[in-house]
Amino acid sequence: MSQTTTGTAGKTVDIRPASGKLGILLPGMGAVATTFIAGVEAMRRGISKPIGSLTQKGTIRLGKRTDGRSPLISEFVPLSKLEDIVFGGWDLFPDDAYQAAAKAGVLSKEHLDQLKGFLSTVKPMTAVFDQSYVKKLTATHAKKGRTKKDLADQVIEDIKTFKKDNGCERLVMVWCGSTEVYRSPSAVHASLAAFEKGLEESDPEIAPSQIYAYAALKSGVPYANGAPNLTVDTPALMELAKKNGVPIGGKDFKTGQTLMKTILAPGFKARLLGVDGWYSTNILGNRDGEVLDDPESFKSKEVSKLGVLEHILQPHLYPELYGHMHHVVRINYYPPRGDNKEGWDNIDIFGWMGYPMQIKIDFLCRDSILAAPIVLDLALFMDLAQRCGMSGIQEWLSFYWKSPMTAPGLYPEHDLFIQLMKLKNTLRHLRGEELITHLGAEYYD
């Protein structure tokens, strides 16, 4: 039975229940996907806690500060339970989730041994692969098809079979695969009709990630893009999402260095401290690092990472503070580091009377450990969005993205704290609660 509440805009929001099983489909079952799957299963068994997950650990304030109402988000909105989640996916290699996780080297032997039985049951379907889009990898577990339309039809059939075989009520797809080479939208992306014609003709501008996204949207499955790939950020697939009433979102999980930028840059801007330069470099040795060793794939990531500071600091409004800032991003493949990415930042700032200062950050992070809770939150929130009848771009989930998708012509909001306020206010709206503005004048009347 659906729950109906009156949203803050006066509109009735009908939320269908999160009943039955939720299938989470993952194109790319490498380090991020297997860490996510293992983590959810560990939580279901009581082995570990959902650290880093807003849907599992986060609270939401309702009403005035004096009201004392701050329930868990999972108690405030109807989200699928961890016990109801089923995992599926595709990969370029035939390894099951246990074998893939062991090779990724993210999880300890203790955790792998505890979860081996379950992880071994999660086996990837054959992947859609095009060597020209991921030049550093060679697939051994790929689909064959006469055209890209054939490949899309095969993925659609995979989705249908998975849903039936696992008794799923609903599905969500979250891209956890590699970064594809950089592409700008072309003629084939201009409309749904042009895109479908391009599938029939195997247009080279249609990437594997777009074949997955097309198959998901045709099947009524929400799609979240965890890489900087173009994918659904095109008129064609936005048209399909709206036509079929399906939520989409992206792009590029906000995990390490960019997360720190969206925390620090709003602070500099709030205090009106100038920034002369921000030099960022990364070393990582996982499959993502290997893929990004290709200049064309790195270009996709670079574009995603570079846009953050410009949108937060707004140099066109503050030219004296940020108009001449030098922003450099580098990524280096260094196999000994594995998934334990290290991000160095040197930030040259200036303050009162122009005196210079420096901030240096050395973030020794675990990339997949930071990404896994994002996958969980996005899957649950995208499913919620669909049950609320929300379709197209889900800008309220910008909190999770390096390069948030927006309506055409609208600049993205990158400030982490504004993003979180937008997310929580969307949840309040869905449940008919007053939006929080933090004005606070009522406490002093």
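A brief structural summary. (Residues numbered from 1 in each chain as written. Predicted model: local features only at pLDDT ≥ 70, side-chain atom pairs only at ≥ 80, totals over all residues. Heavy atoms only, no water.)

**Focus: the overall build of the protein chain**
Put simply, the test is: For helices the rule is a DSSP run of H or I covering at least 4 residues; for strands it is a run of E covering at least 2, with both sets numbered from the N terminus onward. Remark: exposure states derive from per-residue accessible area (1.4 Å probe, protein chains only) relative to the maximum for the residue type, with buried under 20%, exposed over 50%, and partly exposed in between. Should any heavy atoms of two residues lie within 4.5 Å, those residues are counted as being in contact.
Secondary structure assignment for the protein chain yields 15 helices and 13 strands. Referenced to the eigenvectors of the C-alpha coordinate spread, the extents of the protein chain come out at roughly 65 × 50 × 50 Å. Across the 445 residues of the protein chain, 55% fall into the buried class. Residue pairs at least 24 apart in sequence account for 74% of intrachain contacts in the protein chain once pairs closer than 6 positions are excluded.

**Overview of the sheet that holds strand E5 (residues 125–126)**
The following threshold applies: Whether two strands pair comes down to DSSP finding at least two bridges between them. Here the axes come from fitting lines to C-alpha atoms, over the contacting stretch only for helices, and the angles between their N-to-C directions go from 0 to 180 degrees.
Read from one edge of the open sheet, seven strands run E5-E4-E3-E6-E7-E8-E13, paired in parallel fashion. Of all the strands in the sheet, just E5 and strand E13 (392–393) have a single pairing partner and so form its edges. Across five bridges, strand E3 (residues 21–27) lies against strand E6 (residues 168–175) in parallel orientation. Its bridge partner being in E6, Ile 24 is matched across the sheet by Val 172. Packing against the sheet, helix H14 (residues 367–387) makes contact with E3, strand E4 (85–91), E6, strand E7 (223–225) and strand E8 (247–250), and its axis sits at approximately 130° to E6.

**Brief notes about the sheet that holds strand E9 (residues 274–284)**
Spatially, E10-E9-E11-E12 is the arrangement adopted by the four strands of the open sheet, whose pairing is mixed. The sheet is open, and its two edges are formed by strand E10 (326–333) and strand E12 (356–364), each paired on a single side. Taken over all neighbouring pairs, the strand axes of this sheet differ in orientation by 10° on average, direction set aside. Pairing analysis gives nine bridges linking strand E11 (residues 342–350) to E12, with the strands arranged antiparallel. Bridge pairing in E12 places Phe 350 opposite Pro 356. The strands touched by helix H10 (residues 257–270) are E9, E10, E11 and E12; relative to E9, the strand with the most contacts, the crossing angle is about 165°.

**What to know about the environment of Ile 60**
Inspection of the secondary structure assignment puts Ile 60 in the loop between helix H2 (54–57) and helix H3 (73–76). In this structure Ile 60 touches Arg 69, Ser 70, Pro 71, Ile 73, Phe 76, Lys 424, Leu 427 and Arg 428, once residues within four positions along its chain are discounted.

**Regarding the pattern of salt bridges**
Stated precisely, the cut-off is as follows: The working definition used for a salt bridge is a side-chain nitrogen of Lys or Arg within 4 Å of a carboxyl oxygen of Asp or Glu.
In the structure shown here, the tally under the stated rule is 20 salt bridges. A salt bridge links Asp 113 to Lys 109; the nearest nitrogen and oxygen atoms lie 2.7 Å apart. Of the two residues, Asp 113 and Lys 109 are both situated in helix H5 (residues 109–119); the distance of four residues between them amounts to about one turn of the helix. As a salt-bridge pair, Glu 157 and Lys 160 come within 3.9 Å of each other at their nearest N and O atoms. Separated by three residues within a single helix, Glu 157 and Lys 160 lie in helix H6 (residues 148–165), roughly one turn from each other.

**Focus: the nonpolar core**
Spelled out, the test is: Note on terminology: a nonpolar core comprises buried Ala, Val, Leu, Ile, Met, Phe, Trp, Tyr and Cys residues joined through side-chain atoms within 4.5 Å.
Counting residues in each nonpolar core, the largest one holds 62 residues, and the members touching the most others are Phe 36, Phe 253, Phe 381, Leu 384 and Leu 427. Element by element, the count of residues in this core is highest for H14, at twelve residues. The contact partners of Leu 384, leaving out residues within four places of it in the chain, are Ile 15, Val 77, Pro 78, Leu 79, Trp 396, Leu 427 and Leu 430. One finds Leu 151, Leu 199, Tyr 214 and Ala 216 within the second-largest nonpolar core, a separate group that totals 44 residues.

**Looking at H6**
Our working rule: In a helix, the anticipated span is given by 1.5 Å times the number of residues less one. What the arc covers is the set of directions going from the helix axis to the C-beta atoms.
For H6, which comprises 18 residues, the first-to-last C-alpha distance of 25 Å matches the rise-based estimate of 26 Å (1.5 Å per residue) to within 8%. The set of residues buried in H6 consists of Lys 148, Leu 151, Ala 152, Val 155, Ile 156, Asp 158, Ile 159 and Phe 162. Buried positions in H6, seen along its axis, are confined to an arc of 150° and lie on one side of it. In this structure, H6 carries Lys 160, Lys 164 and Asp 165 as exposed residues pointing more than 90 degrees from its buried face. Against the buried residues of H6 lie E3, E4, E5, E6, helix H7 (192–200) and helix H8 (208–218).

**Here we look at the packing of aromatic side chains**
Here is the rule we go by: Only Phe, Tyr and Trp rings take part, Trp by its six-membered ring, and two of them pair if their centres are within 6.5 Å. Stacked means planes under 30 degrees apart, edge-to-face means over 60, and tilted covers everything else. Here, a charge over a ring is recorded when the distance from Lys NZ or Arg CZ to the ring centre is within 6 Å and its angle to the ring normal is within 35 degrees.
Tallying each qualifying case throughout the model produces ten aromatic pairs. Ring centres 5.7 Å apart and planes at 40° place the aromatic pair Phe 195 and Tyr 214 in the tilted group. Of the two residues, Phe 195 sits in helix H7 while Tyr 214 sits in helix H8, which places them 19 residues apart along the sequence. Side by side, Phe 195 and Tyr 214 carry an identical accessibility label, which is buried. Among the aromatic residues, those joined into a ring-pair cluster are Phe 36, Phe 87 and Phe 118. Its end group placed over the ring of Tyr 133, Arg 183 keeps NZ or CZ at 5.1 Å from the ring centre.

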